[in-house]
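Coordinate analysis (summary)
Residues per chain, in single letters:
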Amino acid sequence: QVQLVESGGGLVQPGGSLRLSCAASGSIFSIDTMGWYRQAPGKQRELVATVTKYASTNYADSVKGRFTISRNNAKNTVYLQMNSLKPEDTAVYYCNAYIHYSDYWGQGTQVTVSS
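A few points on the structure. The structure presented is a predicted model; accordingly, all values stated were derived computationally and were not measured. (Residues numbered from 1 in each chain as written. Predicted model: local features only at pLDDT ≥ 70, side-chain atom pairs only at ≥ 80, totals over all residues. Heavy atoms only, no water.)

Re the pairing of strand β1 (residues 2-7)
As a reminder, the rule being used: For every residue, the accessible area obtained with a 1.4 Å probe (protein chains only) is divided by the maximum for its type, and the residue is called buried under 20%, exposed over 50%, and partly exposed between those limits. Helix and strand definitions follow DSSP, with helices as H or I runs of at least four residues and strands as E runs of at least two, each counted in order from the N terminus. At least two DSSP bridges between two strands are needed for those strands to be called paired.
A one-sided burial pattern is seen for β1, the buried positions being Val2, Leu4 and Glu6 and the unburied ones Gln3, Val5 and Ser7. Pairing between β1 and strand β3 (residues 18-26): six bridges, direction antiparallel. If you follow Gln3 over to β3, its bridge partner there is Ser25.

Okay, here's the thing in structure tokens:
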């Protein structure tokens, strides 16, 4: 059984920063890709950023230059540093991990960008 637990969401003003964390636990030998996705009200879930176990990263165009994804393989943890936040970044952010040929998801953490 694998669990992903996210933390770090909250309310922030436009232009502010937040850091999300996601820790994977359970019977894990190796994690291939970890990433963050988000879903705004009335919209489909979309990719934000991913990072492979070799530290290769991929970002949605909408967050390039503002968000940074990183991971600590020893701790099975992935982070998302979000800077210069905009109201359109408001969404529930979900952690994802591809482990042993299966997809796992966290429960989601709310990020609200508003003045």
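So, the sheet that holds β3
Let me state the cut-off plainly: Where helices are involved, their axes are fitted lines through C-alpha atoms of the stretch in contact, as for all axes, and angles between N-to-C directions lie from 0 to 180°.
The four strands lie next to each other as β1-β3-β8-β7, forming an open sheet whose pairing is antiparallel. In this open sheet, the two edge strands, each paired with only one partner strand, are β1 and β7 (67-72). Sheet twist, expressed as the mean angle between neighbouring strand axes with direction ignored, is 15°.

Thoughts on the state of the cysteines
Test applied: Throughout, disulfides are identified as pairs of cysteine sulfur atoms within 2.5 Å of each other.
Applying the stated rule across the entire model yields one disulfide. For Cys22, the disulfide goes to Cys95, at an S-S distance of 2.1 Å. Since a negative S-S torsion denotes a left-handed disulfide, the Cys22-Cys95 link at about -80° is left-handed. Within this pair, whereas Cys22 is found in strand β3, its partner Cys95 is found in strand β9 (residues 91-99), the two being separated by 73 residues in sequence.

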